[in-house]
Amino acid sequence: MSAALPAIAVQAVHKDYLLYASPAQRFLDLLLRRRSRARRFHALDGVELQVARGETVGLLGRNGAGKSTLLSIIAGVVQPTAGTVQVHGRVGALLELGAGFHPEYSGRDNARLAASLLGLTRREIDQKMDSIVAFADIGEHIDQPVRTYSSGMFVRLAFAVHAALEPEVLIVDEALAVGDAAFQAKCYRRLRELKERGTAILLVTHDIQTVRLFCERAVWLDHGRIRMQGSPQEVGNAYLEALYAGAPPTAAPAAVAAGALPQVTAAHLPERGLVASVDLSGPGAPAGAAARWGEGGGRLRWAALYRSHGTGSDAPMQGEALRVVVQYRCDLQPVPTDLSIAVTVLHRKSLELLGASTSAEGMALDRHGNSVVQVEFTFDNLLAPDDYALAVALWRDEGDTPRYLDFVSGVLPFSVGADRPTYALVRPKVSIVSTVQA
């Protein structure tokens, strides 16, 4: 494949489906060769996308946004209604879990079949089979019918096959989400190896952290159209804002602005050990913040970062205690029992490194409504020398789908120093025992 050619080129792609109110109406239209009873649904509407050789692109979007349809078209499984797709090189696609596997064949036989369909000779398959079996690591199940496999075994075998074949284009649609943590780590190591060899990777995931850490570019697909593309940090922040809020938080109530409630000012903050502070009481995001969103009903009002010793002008040192002070007001009546405050330390690439919340610690917040409440977090600074910032959230802990009343990201930037070289982002406290063995 020429380095000048993009690995994937999608031009003005549309995909329409005909939707019927009932199977009987579909049958009548097919029988009479008409479409009068069908409603046209636009799954994709003029999508334009290019992925370069060696580039990793994360595809974000709500369920039903058209992500899987786009990947299926790029993989050649589905034909577009209009537009063109060009893919240069051998394609590996992990789409629907278990797709392409014969349920009565063993895992080993399915691996051979998949490899042959992807163009490998019998000799090449024999050479790679041991590495496929080793990577899948499903033990004796490799010789059992795949109908007996769990979802985790399916994805282990499917990923092992495609990774071993070293495709020039690899498409992954949420497949790794069903694997355990150890297998996911092994998969991402393998993806990095493929990337370094020039494989173009298109990755669909709902995990913003994965996109920020692993991808050079993010694409946000919304209702069949590309709504935004660019850096993973910018696209991820915009996507989260739309996902959790849909609208910016409301401005502070007039009573607060008029001074009916306590106003926090820099003069009221203790100076000893103060590293940085930020006023969050005004509408919108404060200067320098990466993003702010929330559905309203509560408001973050102030945040400050303190170090345990030294002066605030100096960088906090690795190993010393840091304290984050957050003030908020909840306008909901009665104050929800699941209200929580969360603080997260962000690396300069927006990677979330350390996080804590009152709900995770089993702490119930003060339930006095219409009052400014202060919460303090204290933690050991395990971070290596580098640049960081904080994200602060006032939210309701409703299980898998939290409700953010107010979320501010990228505030209180700070640097960390160390008294000795550190070669990892985090240095935990370690207990080491050394014994001489006879």
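Computed from a predicted structure; not experimentally measured.

Conventions used here
- Residues numbered from 1 in each chain as written.
- Predicted model: local features only at pLDDT ≥ 70, side-chain atom pairs only at ≥ 80, totals over all residues.
- Heavy atoms only, no water.
- Salt bridge = Lys/Arg side-chain N within 4 Å of Asp/Glu carboxyl O.
- Helix = DSSP H or I, 4+ residues; strand = E, 2+ residues; numbered from the N terminus.
- Buried < 20%, exposed > 50% of the residue type's maximum accessible area, 1.4 Å probe, protein only.
- Pairing = 2+ DSSP bridges.
- Axes fitted to C-alpha atoms, helices over the stretch in contact; angles between N-to-C directions.
- Phe/Tyr/Trp six-rings, centres within 6.5 Å; stacked < 30°, edge-to-face > 60°.
- Lys NZ or Arg CZ within 6 Å of the ring centre and 35° of its normal.

A. View of the pattern of salt bridges. Within this structure, the stated rule accounts for 17 salt bridges. Among the salt bridges present, the one from Glu-104 reaches Arg-147, with a minimum N-O distance of 3.1 Å. You can see Glu-104 sitting in the loop between β5 (91-94) and α3 (107-117) and its partner Arg-147 sitting in the loop between α4 (122-136) and α5 (151-164), a full 43 residues away along the chain. A relative accessible area of 53% means that Arg-147 is categorised as exposed. Between Arg-329 and Asp-331 there is a salt bridge, with its nearest N and O atoms 2.9 Å apart. We classify Arg-329 as buried; its relative accessible area is 8%. A single network of salt bridges, built from pairs that share partners, joins Glu-166, Arg-190, Glu-193 and Arg-197.

B. The arrangement of the sheet that holds β5 in detail. Read across the sheet, six strands follow the order β5-β6-β7-β3-β8-β9 without closing on themselves; strand pairing throughout is mixed. Because the sheet does not close on itself, it has two edges, and the strands there are β5 and β9 (225-230). On average, adjacent strands in this sheet sit at an angle of 15° to one another, irrespective of strand direction. In terms of strand pairing, strand β6 (residues 169-173) meets strand β7 (residues 200-204) through five bridges, oriented parallel.

C. Here's a closer look at the packing of aromatic side chains. All chains considered together, the criterion is met by nine aromatic pairs. Geometrically, the ring pair formed by Tyr-188 and Phe-214 is edge-to-face, given 5.5 Å between the ring centres and 65° between the ring planes. Of the two residues, Tyr-188 sits in helix α6 (residues 181-196) while Phe-214 sits in helix α7 (residues 208-214), which places them 26 residues apart along the sequence. What makes Tyr-188 buried here is its relative accessible area of 16%. A centroid spacing of 6.2 Å and a plane angle of 25° characterise the contact between Trp-395 and Tyr-404, whose relative ring orientation is stacked. For the pair shown, Trp-395 and Tyr-404 are each scored as buried. Ring pairs connect the aromatic residues Trp-293, Trp-395, Tyr-404 and Phe-407, which therefore count as one cluster. Geometry around Tyr-17 places Lys-15 over its ring, the cationic atom sitting 5.2 Å from the centre. The positively charged end of Lys-186 is found above the aromatic ring belonging to Phe-135, 4.7 Å away from the centroid.

D. Highlighting the pairing of strand β12 (residues 298-307). With 10 of 10 residues buried, β12 is to be regarded as a mostly interior element. Examined bridge by bridge, strand β10 (residues 274-279) and β12 share five bridges and lie antiparallel to one another. In the sheet register, Leu-274 faces β12, and the bridge partner there is Tyr-306. Pairing of β12 with strand β13 (residues 321-330) involves nine bridges; the strand directions are antiparallel. In the strand pairing of β13, Arg-299 is matched with Arg-329.

E. Layout of unusual backbone geometry. For the bond from Gln-333 to Pro-334, the omega torsion is -5°, close enough to zero to count as cis. You will see that Asp-137, though not glycine, has its phi angle at about 50°, which is positive. Within the element layout of this structure, Asp-137 appears in the loop between α4 and α5.

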